[in-house]
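Structural description and commentary
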Amino acid sequence: MPSDQPNVLFLLSDEHSFRCFSHLDPAVGEPAETPAFDRLATEGTAFENAYCHVPLCTPSRISMLTGREAQHTGAWTNESFLEPQFPTLPGQFSDAGYETCLVGKMHLAGDRQFVGFDHRPYGDLTGGNTHQMDGPNLDAGLGHGSTYDVGQTMIPESLLMETNVAEETVAFLREQDAANPEQPWFLCASFSRPHFPLTAPKRHLDKYWPDDVPPPKVSREETSTADHPQTVAMLDHYAFDDMDETDLRKARAAYFAAVDYLDEVIGDLLLRLERSGLLENTIVVYTSDHGELAGEHGLWWKHTWQEASSRVPLFVQLPEHRSGELDPTRPSTPVSLLDLFPTFCGLAGIDYPDSLDGVDLSEAIRTGSEPERGPVFCDHLRPGQWDFRAVRDGRYKYVQFPDAPELLFDLDADPLETENLAPTADGEDEAALERLRALVDRTFDFEAARERRALNIERKERDHSLSLPARPLGERAHDGSGNLYHLPDGRIVAADSPLYDPHVLTADPRSVFSDWPDEE
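This structure is a prediction, so every number in the text was calculated from the model and none was measured. (Residues numbered from 1 in each chain as written. Predicted model: local features only at pLDDT ≥ 70, side-chain atom pairs only at ≥ 80, totals over all residues. Heavy atoms only, no water.)

1. A short note on the packing of helix α5 (residues 161–179) against helix α8 (residues 245–275)
Two elements in contact, α5 and α8, have axes whose closest approach is 10 Å; the angle formed by their N-to-C orientations is 15°. On the basis of the axis angle, α5 is roughly parallel to α8. As for the relative orientation of α5 and α8, their crossing is right-handed in sense. Residues Glu162, Thr163, Ala166, Glu167, Thr169, Val170, Leu173 and Arg174 of α5 touch α8, and the partners they reach there are Tyr261, Leu262, Val265, Leu269, Arg272 and Leu273. When grouped by side-chain class, the residues that make up the contact of α5 with α8 number eight nonpolar, two polar and four charged. (Axes fitted to C-alpha atoms, helices over the stretch in contact; angles between N-to-C directions. Helix = DSSP H or I, 4+ residues; strand = E, 2+ residues; numbered from the N terminus. Parallel < 35°, antiparallel > 145°, perpendicular 65-115°, else oblique. Left-handed = near helix turned anticlockwise from the far one by under 90°. Contact = heavy atoms within 4.5 Å. Nonpolar A, V, L, I, M, F, W, Y, C, P; charged D, E, K, R; others polar.)

In structure tokens form, the structure reads like this:
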């Protein structure tokens, strides 16, 4: 393999709203201090309209790894597994002679936890959720807090997952460079934040709470979809109406703080890699698996068609961008995370299967041109509720449900999706409605997708169960098995035991230390 083959550093986060970057116009963006992300965006290619394929962790990640729509893989829920018949992005790079590594979260169910990666030194190898439970209830007796705990992290920064991901990334790449300096590498560093629980170091929280928390860009009352069945189902399921105004404001402040903390970690990581010479011939890509509503339309989390849920950041920085040979660009053509598989391969000069659903964007990145990309789909299939297929084509977004009213938005005129045009569409709007409705009818079968989902679940339970502990979220933190280390001797050991199953020397340090400092 020639030494000039580019390396790839794939930075992946969980639930990062496309709005939370300080380089954005305040009319679009939310409060954030993100100098590291801003550098990637403003010195490389920043796709202005990138979408996840499924606004939920596991299916979004499986779609990224396979370059295939969820209706073809059957991966629709966080309990889905990546079936072995599908080639994967890391597997394609490994087969081409790259050393491939995943550090951190991938949220894959079942016993297939490497899926083409040659190495996984740290991360969620239990096949379950990797989020470190945090908040006021994090103590020796309880081990984990509520999903809605927000504010200052109770975990020492040296034990936070983001720190571990950064440390293990640097360690792996330095070892790889020392042992095989001529071999190119593909590394995915995957972080949990800014996903719930919304906690961050105090220095970041203090920037926003309690005085600098603006309201969401759009409230539920300002939209014509406030009473849409999916909106009502989300409100009922997650009981968002039970959170008072102070809770909601603090949650937003904590979300912004989590974004800023992640930026700080990634900025430090990139500086260390740059100082070690490991970025000289390296493509750096940043994205997130889906967005975060953060109170928009009266909702939180993801699962929905709205821009804040389905639209994601996507920044690509080539070595030529960093050297000044290529100018930065901001393509506005809608693109998909399905495109990452063929695009990574295109940038590295690696062949990829012609059966992928994604599109190779590498030429647009190299030339600074708008990509040739057709309609972009965003799908959701949750057992019993919230099934939809959304399609973004140019200025229009259309959403179809199997048992709820269809939606149409003109995102140029109405970027906050306040007015559903479908009931009264005429002229250009009516033509777009008919065209996009026919496109969805032609490309998606809700019942067939449900059957494929059931088959994925059946195969996992029959043939791909995982023997490592994978307890329900509320119990798993007690045994410390959320994140694991894969040791050089092959052992898989719990990484978070000091947090959730600690060896407590004393619960009353004042009775032990004669010079224990006074605390305010």
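2. Focus on the side chain of Asp124
Locating Asp124 in the fold gives a position in the loop between β5 (119–123) and β6 (150–152). At 2.6 Å, the side chain of Asp124 and the backbone nitrogen of His107 are in polar contact. A distance of 2.7 Å separates the side chain of Asp124 from the side chain of Arg120, its partner in a polar contact. (Polar contact = N/O pair within 3.5 Å; in protein donor to acceptor, adjacent residues only side chain to side chain.)

3. Some remarks on the sheet that holds strand β10 (residues 311–312)
One open sheet accounts for three strands, arranged β10-β3-β12; its pairing is mixed. Two strands in the sheet have a free side with no partner beyond their single neighbour: β10 and β12 (335–336). Alignment of strand β3 (residues 50–51) against β10, held across two bridges, turns out to be antiparallel. Directly across from Tyr51, in β10, lies its bridge partner Arg311. (Pairing = 2+ DSSP bridges.)

4. As for helix α14 (residues 446–463)
Helix length check: α14 (18 residues) gives 26 Å between terminal C-alpha atoms against 26 Å at 1.5 Å per residue, within 8%. Among all positions of α14, only Phe446, Ala449, Arg452, Arg453, Asn456 and Lys460 are buried. In an axial view of α14, the angular spread of the buried residues amounts to 120°, which keeps them on one side of the axis. Exposed residues lying more than 90 degrees from the buried face of α14 are Glu451, Glu461 and Arg462. One side-chain oxygen at the N-terminal end of α14 lies 3.0 Å from the backbone nitrogen of Glu447; it belongs to Asp445. (Expected span 1.5 Å × (residues − 1). Buried < 20%, exposed > 50% of the residue type's maximum accessible area, 1.4 Å probe, protein only. Arc of directions from axis to C-beta.)

5. Side note on unusual backbone geometry
Between Phe196 and Pro197 the backbone carries a cis peptide bond, its omega angle lying at -5°. Mapped onto the secondary structure, Pro197 falls in the loop between β7 (185–194) and β8 (198–200). Of note in the backbone geometry, His303 takes a positive phi value of approximately 75° without being a glycine. As for its position among the elements, His303 is in the loop between β9 (282–288) and α9 (307–310). Residue His303 is classed as buried on the basis of its relative accessible area of 2%.

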